[in-house]
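One letter stands for each residue in the lines below.
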Amino acid sequence: MKEAVVCKVCAKRQAKMPSSWVLDDCCFYCPDCWEAFACHLCGHHDPKGSDFKGTWNCRSCRHKRLVKEKAGPSPDALQQLIIEESEEVCDSIKINDAAKSGAVNLLGTLGDTDSEEEDVVCELPAQMKGRKRVEPSKKVRHVILLVDASGSMRTPDVDLDLETRKELGINGQVSRIEAAELCSTKFAREHARARPQDVFSVVTFHEFASVVCCKASSSEMATLAFEDRAANGTFYLQALISAARLLLQASPELQGEVVLLSDGRPADTKQALTYFQEQFLRGPLAGTQLHGIGFGSRVESFAALQQLACLTGGTFALSGSTVRGLCDAFSSVSSTITAGSNKWILADGAEVNSSPQLRVVDFELPEVGIFGKKHVLRFRAVRSSFSFDGQAFHKQDFAAGHVVRRRLPYMRGGMRLVYGFQDEQVSKNGHWMVAKCSRYLSGALNSPVAVEAHAKSTAVARHFASRFNSRLRALCAEPASLLFVPCFVYEVEGHAPENEPTCFAAERYLPGVFLKYNSNSGYVADALLPHNDMVQAFLHFSFEESGGKFIVADLQGVARDKEVLLTDPQVLSLTREYGPGDLGATGYIRCLKAHRCGRSCQQLQLTPISSSRVKRIESSASATSGTSGWQHVHSAHSFGDWERISERAAAEYAMSEGTASSVSSWIDIDKQNKINKLS
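Residues numbered from 1 in each chain as written. Predicted model: local features only at pLDDT ≥ 70, side-chain atom pairs only at ≥ 80, totals over all residues. Heavy atoms only, no water.

Visitor: Is there a simple way to think about the packing of helix α9 (residues 236-249) against helix α10 (residues 269-281) in this case?
Guide: A pair of packed helices can be characterised by two numbers: the angle between their axes and the separation between those axes. At a closest axis distance of 8 Å, the pairing of α9 and α10 adopts a crossing angle of 20 degrees. By the angle between their axes, α9 is roughly parallel relative to α10. In this structure, the crossing between α9 and α10 has a hand that is left-handed. Listed contacts from α10 to Tyr-236, Leu-237, Leu-240, Ile-241, Ala-244 and Leu-247 of α9 are Gln-271, Ala-272, Tyr-275, Phe-276 and Phe-280. Looking at the contact of α9 with α10 residue by residue, the classes come out as 10 nonpolar, one polar and no charged. (Axes fitted to C-alpha atoms, helices over the stretch in contact; angles between N-to-C directions. Helix = DSSP H or I, 4+ residues; strand = E, 2+ residues; numbered from the N terminus. Parallel < 35°, antiparallel > 145°, perpendicular 65-115°, else oblique. Left-handed = near helix turned anticlockwise from the far one by under 90°. Contact = heavy atoms within 4.5 Å. Nonpolar A, V, L, I, M, F, W, Y, C, P; charged D, E, K, R; others polar.)

This is the structure:
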């Protein structure tokens, strides 16, 4: 008697095998069960694959994923290498008193003594001369919350603070989806205090997306309840599609802001990035900011979310696994949204859009250390580096060697595109690097002189950071260290690949959650950022140590327990000697006015920056512009486009991380003294 055909998975029986069934490795599978074994990445059916975060992976794709996850060094190892190299530089730098005395001291020519009647704190920074900020407060914003409702969000591992325990009457932990629901309502309530006119939409997503509410007021958000209680895997594409529909269906006067909360890697990073670029970077939603909140503590799990936030100029925050941390992350996003639009207009009403032509690029997934045969550029290049001794720069050249760069960038800043990069002479033992190339096509902005200006800003910052750390160690017990990632200049040997720059900067890859402490035009971050007071004091320190010749600003990077690792600093000089990011007297004065001394400035015994001091610098700016005793990094005819970037398009660069100075980080030194006495 002939045996019946039985599906190995569901045990469905058939007298004989139907044509729709599949025989694989001597086992029978019905159509539904066979379809469940389709790999969501490549489409291949593999019954011996595995489930990964609610989606099926064939053995090949699962192996590739594991190789990528295990191939590279850990974020801590990458950060530790930068720390060790920076400490070696700090130990080798000796304070050169002769060089210091040889530099022109602008502060000495202006006088440092202020009358006792004068205010210690100077006036708040005025808007850029000839420009006014677009008023953001009157425009209604449509804030869309995209909340991950995948199966992992059911995990009950979120700690409650005392206040929330009393509010909910719960002593234990809650699930991630419950914490997201709770903090979303708090976010709407707190956000409404600053912007009561804004409306909110909420979408939960996994393999599918569900709209929980649409254009609700903050009071309506108070009764918010997620019907979707978490299942399946994480898919960003469905969330982004829902957000795009809500934004496109809304009234034109509504300005969109998207906040995406997730607790891990999505299963569709490539598809999501493709759609994101089509709609949010080049399509009808260009200009809409996306802000990311990573629900967890491992930053490497949120590379895709960090990328989406970076490409739109949004904020990324890591919340940890507590309700308090999640609420703080929402608060960080809210402060960015309420800061307002980054668009500036001229006094005659024309928008600031004029700038040199941008490169048209697609962005790839953040696979910094992955180099195969495809999608890479291989060429020879000469490497050089700069050091600074307090008065002059010293260039060190290295022999030409073979380097590899990813063809597409994965991140962008105000003026540069960021690519995965590898130079075996530097990135030994598998340590990763990144290349930073100009976003502009202009030859002047891709020349060796322009790239060297960026590297020289880093050299100046590293020199004064070594002095800063030495001074703090002498005055404080176990202070944190402030370190800058070394920067190299690469120049292609022979012919560069088609349409690629012949000169670019590169440095070691710095993983982690990036924090923006200040900008090159007066932005000051919230005081709650870790080590914020120390980093803000460094700007003041560089001003005094250089004798007023320049300040080191645009400080951003990754904060650790005992170190702050910074990258891409910008030196501001009255003579505009440090590239297109050096806004000259405009940025210089704005940064001085925005600074408020705190405890670190007091410990370093820095002289407060008073209004009279700034006025004297303003009046002397034109007189000193042509008599700089510092080494110039460009000739008078090298940079026709620099003026246009600095004067008209600098707003995009300088303000790309936010423009509103946080009053909470401005500390009056007299008030602080009174507080210290009381405490």
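Picking up after the structure, the text goes on.
Visitor: What am I meant to see in the pattern of salt bridges here?
Guide: Any two side chains of opposite charge can pair if their charged atoms end up close together. Under the definition given, this model contains 22 salt bridges. The partner of Lys-48 in a salt bridge is Asp-25, with the nearest N and O atoms 3.3 Å apart. Here Asp-25 lies in the loop between β3 (22-24) and β4 (27-29) and Lys-48 lies in the loop between α1 (31-36) and β5 (50-52), a separation of 23 residues in the sequence. Of the two residues, Lys-48 and Asp-25, neither departs from the other in class, the shared state being exposed. (Salt bridge = Lys/Arg side-chain N within 4 Å of Asp/Glu carboxyl O. Buried < 20%, exposed > 50% of the residue type's maximum accessible area, 1.4 Å probe, protein only.)

Visitor: Can you help me understand the confidence of the model for the protein in this one?
Guide: Any region with low pLDDT has predicted coordinates that should not be read closely. Taken as a whole, the protein shows an average pLDDT of 79; of its residues, 78% reach a score of 70 or greater. Strand β14 (residues 344-346) is the least confidently modelled element of the protein, averaging 29 in pLDDT, while strand β22 (residues 487-492) averages 96, the highest of any element. Low pLDDT, under 50, characterises residues 94-103; the predicted model gives this stretch nine contacts beyond four residues in sequence or across chains. Low pLDDT, under 50, characterises residues 126-136; the predicted model gives this stretch 34 contacts beyond four residues in sequence or across chains. (pLDDT = per-residue confidence, 0-100.)

Visitor: Looking at this model, I keep getting lost on the packing of aromatic side chains. Mind explaining?
Guide: Describing an aromatic ring pair means giving the distance of the ring centres and the angle of the ring planes. As enumerated under the stated definition, the model contains 22 aromatic pairs in all. Judged by centre distance (5.7 Å) and plane angle (40 degrees), the ring pair of Trp-432 and Tyr-509 falls under tilted. Placement of the pair is Trp-432 in the loop between β19 (416-423) and β20 (433-438) and Tyr-509 in the loop between β23 (503-508) and β24 (515-516), with a sequence separation of 77 residues. Centroid distance Phe-468 to Phe-538: 5.4 Å. Interplanar angle 85 degrees. Geometry classified as edge-to-face. Here Phe-468 is found in helix α13 (residues 448-475), whereas its partner Phe-538 is found in helix α14 (residues 532-545), with 70 residues between them in sequence. Taken as a pair, Phe-468 and Phe-538 share a single burial class, namely buried. Taken together, the ring pairs connect Phe-388, Phe-393, Phe-464, Phe-550 and Tyr-578 into an aromatic cluster. Its guanidinium or amino end placed over the ring of Phe-398, Arg-383 lies 3.8 Å from that ring's centre, counting from NZ or CZ. (Phe/Tyr/Trp six-rings, centres within 6.5 Å; stacked < 30°, edge-to-face > 60°. Lys NZ or Arg CZ within 6 Å of the ring centre and 35° of its normal.)

Visitor: Looking at this model, I keep getting lost on the sheet that holds β24. Mind explaining?
Guide: Strands pair in a sheet through their backbones, by hydrogen bonds, and they do so in one of two ways: parallel or antiparallel. Read across the open sheet, the four strands follow the order β21-β27-β26-β24; overall the sheet is mixed. At either margin of the open sheet sits one strand with a lone partner, and together these are β21 (481-484) and β24. Across four bridges, the pairing between strand β26 (residues 556-559) and strand β27 (residues 563-567) is antiparallel. The partner of Val-558 across the bridge, within β27, is Leu-565. (Pairing = 2+ DSSP bridges.)

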